[in-house]
Amino acid sequence: MSSAVITAGAHPAQTDLAEPHMAETLALLGLAVEYVRAEGDTLYHRDDQGGERAVLDLVGAFGATILGHHDPDVVAYAKSLLDARLPVYAQFSLHPYADAVARRLNRVLEREFGEAEPYFAVFANSGAEANEIALKHAELDRVTRLADLRESLRANRARARTALAEGRAALADDALAAFGVADADALLEAAERAEAEHLSAPPVLLALEGSFHGKLVGSVQLTHNPSFRLPFSSLAARCEFVPADRPDELARIVQGARRTVFDFALDARIIRLVERDVPVFCAFVLEPIQGEAGIRALTEEAARTIQRVCASVGCPIVVDEVQSGMGRSGSFFASAGIGLRGDYYTLAKSLGGGVAKAAVTLVRASRYRRDFDLIHSSTYAKDGFSTRIAGKVIDLLEADGGAAYRVAAERGAALMTELRAVQAEYPDVVKDVRGRGLMVGLEFHDQTESAAPEIRERADMFGYFASGYLMRAHAIRIFPTASAVHTLRFEPSIRLADADIARTGAALRDLCGVLRAQDAARLLGL
Ligand code: F0G
């Protein structure tokens, strides 16, 4: 293991220069291996004799390999693209293959949501970027609506002022009281001042507690975990986090952040003040099944409430399907299963078939701002390779009437049955098993009160030590998430075999035995 400490003046030959402290952490957890080959749900690394050791990979590239590592059809297609010398980068030219991907995705939206309205596609390179594109577009839409509102308020004020001056209209009886002023001039002035203040208010973003939407400067503001987010909070707009199990809180939060202004309406020689909503809400971004939070599915009821409250204030909904999409939940979009409709959908991870970095943001056509085509761009996004791979992945998922979705649901159910059996045998160790399709979580009881001091002291990283044990003792690769350290997250591919599930069950029973005995030496390899 290389040292991460660079001594002054010494050539750092023994030091990792790429993320210098990561190797130390991996070594501590027993996860410091280099994988040299990957196929299906298996990763291979070298053992001490130089041979290959096969590891069952239940991490599934954080959910990016729904078809497994090196799916033969994806690999053959990728090779054919390179052999054909198809341009990978030909920016600012026609990209009919990107259009073809958007059309395929629209067909899926139509089938799963009964959606008649088309969605336009903006391509990206990662999940965080796809979410930031959604945010950026939603903000362009918001400031454009704001400018329209400003213009119409200004015009109506001018009309009212002229009508009053020419004696063609009178103020409604209650108009002066709204601002507590004495005459029409003071009223017009006060309304203009209030408008200037409310229309320049910063946008409000909304997300769910436990959310994960990426770690770039914008998307990290929507990521709930404070250790990821707080150091950077001054770099982007404020986000309000809504508890997913108390969606009624959303109405309170929205009410608190809502801003209105008075418009002057002239009707039958009377000028009335009409309250109008200022578009302060940029977007509500949410995952239908939270991954990083330790596999937490949004309920239909919560989805309905969110939809209703957002509609009442014209706040667009961004459905982040970066992890839950591409069939993992048993349908292409996990949100379809709970009736959650997005104005935006973001996709990444498995869209690249495990070989490309592909991501896309879908925008409801009626919201789409045509300027966006020209004011947003990326050197790599929408490239000829990753976009065509995305098209191939969708074709493979959609083949045989969506057989892959049925397999994901069935394999996920089989895995969950096995994990529930483990829970039934070790209820003192396993607290919960939950999930949908191939997004499954197994939560251990909190170890912060463990009788074994070595376990207790490591409780804030507990799941990672459990991972280290499963890796050492059973050649199984499985991780918790940084935001749910007592929950192991299972996101294997649709190739997961019965034997893999049985092997997983046996390994977990062994781990549960170690935990029941509070055997720190075995768990930690001390
Ligand atoms: N949205 C969701 C729901 C995600 O799970 C992730 C990443 C992202 C966005 C960001 O995507 O990494 O391509 O920029 N999730 C990983 C995880 C890191 O561990 O679940 P990215």
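Residues numbered from 1 in each chain as written. Predicted model: local features only at pLDDT ≥ 70, side-chain atom pairs only at ≥ 80, totals over all residues. Heavy atoms only, no water.

**Focus: the site of the ligand**
Thinking step 1. The environment of the ligand is made up of 14 residues, and the closest members are Gly-127, Ala-128, Asp-320, Gln-323 and Arg-489.
Thinking step 2. The separation between a nitrogen atom of the ligand and a polar main-chain atom of Phe-212 is 3.4 Å.
Thinking step 3. Arg-489 places a side-chain nitrogen or oxygen 2.8 Å from an oxygen atom of the ligand.
Thinking step 4. Computed on the free molecule, the ligand has an accessible area of 470 Å², of which 82% lies beneath the protein chains in the complex.
Thinking step 5. A molecule is said to occupy a pocket when more than half its atoms come within 2 Å of that pocket's grid points, and by this definition the ligand occupies the largest pocket.
Thinking step 6. Here the shell around the ligand takes three residues from helix H5 (residues 127–165), the largest share from any one element.
Thinking step 7. Looking at side-chain class alone, the shell around the ligand contains four nonpolar, six polar and four charged residues. (Near = heavy atom within 4 Å. Polar contact = N/O pair within 3.5 Å; in protein donor to acceptor, adjacent residues only side chain to side chain. Areas by Shrake-Rupley, 256 points an atom, 1.4 Å probe, with all protein chains shown as cover. 1 Å grid on protein atoms, 1.4 Å probe; cavity = no way out; pocket = protein on both sides within 12 Å on 5 of 7 lines; lining within 4 Å. Sits in = over half its atoms within 2 Å of the grid points. Helix = DSSP H or I, 4+ residues; strand = E, 2+ residues; numbered from the N terminus. Nonpolar A, V, L, I, M, F, W, Y, C, P; charged D, E, K, R; others polar.)

**Some details on the sheet that holds strand S16 (residues 430–436)**
Thinking step 1. The strand order S16-S17-S20-S19 describes an open sheet built from four strands, whose pairing is antiparallel. Every other strand in the sheet has two partners, leaving S16 and strand S19 (479–481) as the edge strands with one partner each. Strand-to-strand, the axes of this sheet are offset by a mean angle of 35°, without reference to chain direction.
Thinking step 2. In this structure, strand S17 (residues 439–444) lies alongside strand S20 (residues 484–490), joined through four bridges in antiparallel fashion. Counterpart to Leu-442 in the pairing with S20 is Leu-488.
Thinking step 3. Taken strand by strand, helix H12 (residues 384–425) contacts S16, S17 and S20, and its axis lies near 170° from that of S16. (Pairing = 2+ DSSP bridges. Axes fitted to C-alpha atoms, helices over the stretch in contact; angles between N-to-C directions. Contact = heavy atoms within 4.5 Å.)

**Here's the deal with the sheet that holds strand S2 (residues 42–46)**
Thinking step 1. Across the sheet, which stays open at both edges, the four strands sit in the order S1-S2-S3-S18 with mixed pairing between neighbours. The open sheet has two free edges, formed respectively by strand S1 (35–39) and strand S18 (476–477), since each of these has just one partner strand.
Thinking step 2. With four bridges connecting them, S1 and S2 associate as antiparallel partners. Bridge assignment links Ala-38 to a residue of S2, and that residue is Leu-43.

**Observations concerning the domain arrangement of the protein**
Thinking step 1. As far as domains go, the protein holds domain 1 (33–70 + 403–524) and domain 2 (96–382).
Thinking step 2. Domain 1 and domain 2 are separated by 37 Å when their C-alpha centres are compared.
Thinking step 3. With 26 residues of domain 1 at the contact, the number on the domain 2 side is 26 residues.
Thinking step 4. Counting the surface lost from both domain 1 and domain 2, the interface buries some 2200 Å², and carbon and sulfur atoms represent 53% of this.
Thinking step 5. The largest per-residue losses of area from domain 1 upon contact with domain 2 belong to Tyr-405, Arg-436 and Met-439, which jointly make up 35% of the total buried on that side. (Domains from an automatic or database assignment. Buried area = accessible area lost by both parts, 1.4 Å probe.)

**Quick word on the layout of surface pockets**
Thinking step 1. Estimates place the volume of the largest pocket at around 1600 Å³.
Thinking step 2. Looking at the lining of the largest pocket, the elements that each hand over two or more residues are helix H1 (22–29), helix H2 (60–63), H5, helix H8 (226–229) and S19.
Thinking step 3. Tallying contributions element by element places H1 first for the lining of the largest pocket, with five residues.
Thinking step 4. A per-class count over the lining of the largest pocket returns 24 nonpolar, 13 polar and ten charged.
Thinking step 5. Built from parts of two domains, the lining of the largest pocket gets at least three residues from each of domain 1 (33–70 + 403–524) and domain 2 (96–382).
Thinking step 6. Computed from the structure, the second largest pocket encloses a volume of approximately 880 Å³.
Thinking step 7. Where the lining of the second largest pocket is concerned, the elements lending two or more residues are helix H4 (96–113), strand S4 (119–124) and helix H11 (372–375). (Points joined across faces, edges and corners; volume = space filled by probe spheres on them.)

**A word on the side chain of Asn-156**
Thinking step 1. Secondary-structure assignment places Asn-156 in helix H5.
Thinking step 2. For Asn-156, a relative accessible area of 18% puts it in the buried group.
Thinking step 3. Beyond its immediate stretch of four places on either side in the chain, Asn-156 contacts Asp-263, Phe-264 and Arg-276. (Buried < 20%, exposed > 50% of the residue type's maximum accessible area, 1.4 Å probe, protein only.)

**Some points on the nonpolar core**
Thinking step 1. In this structure, Phe-284 and Phe-332 are the most contacted members of the largest nonpolar core, which totals 65 residues.
Thinking step 2. Ranked by residues supplied to this core, first place goes to H12 with nine residues.
Thinking step 3. The contacts of Phe-332, once residues within four sequence positions are left out, are Leu-105, Val-108, Glu-112, Ser-324, Gly-325, Met-326, Gly-327, Leu-347, Ile-394, Leu-397 and Tyr-405.
Thinking step 4. The next biggest cluster of nonpolar side chains, apart from the first, holds 44 residues, and it includes Ile-476, Ala-507, Leu-515 and Ala-520. (Core = buried A, V, L, I, M, F, W, Y, C linked by side-chain atoms within 4.5 Å.)

**Quick look at the packing of helix H3 (residues 72–83) against H12**
Thinking step 1. Where H3 meets H12, the closest approach of the two axes is 10 Å, and the angle between their N-to-C directions is 150°. One element, H3, and the other, H12, form an angle in the roughly antiparallel class. The two elements H3 and H12 cross, and the hand of that crossing is right-handed. In this structure, H3 uses Asp-73, Val-74, Tyr-77, Ala-78, Leu-81 and Leu-82 to contact H12, whose residues at the interface are Phe-385, Arg-388, Ile-389, Lys-392 and Leu-396.
Thinking step 2. Per-class residue counts for the contact of H3 with H12 are eight nonpolar, no polar and three charged. (Parallel < 35°, antiparallel > 145°, perpendicular 65-115°, else oblique. Left-handed = near helix turned anticlockwise from the far one by under 90°.)

**Some words on helix H14 (residues 462–474)**
Thinking step 1. Taking 1.5 Å of rise per residue, the 13 residues of H14 would be expected to cover 18 Å, and the 18 Å separating its terminal C-alpha atoms lies within 8% of that figure.
Thinking step 2. Among the residues of H14, Phe-462, Gly-463, Tyr-464, Phe-465, Ala-466, Ser-467, Gly-468, Tyr-469, Leu-470 and Met-471 are the ones counted as buried.
Thinking step 3. A positive backbone phi angle near 50° is found at Ala-475, which sits one or two residues after H14. (Expected span 1.5 Å × (residues − 1).)

**Digging into H5**
Thinking step 1. With 39 residues, H5 extends 57 Å from end C-alpha to end C-alpha; this agrees with the ideal 57 Å at 1.5 Å per step.
Thinking step 2. In this structure Ser-126 caps H5, since a side-chain oxygen of it lies 3.1 Å from the backbone nitrogen of Glu-129.
Thinking step 3. Once H5 ends, the next one or two residues include Gly-167, with phi positive near 70°.

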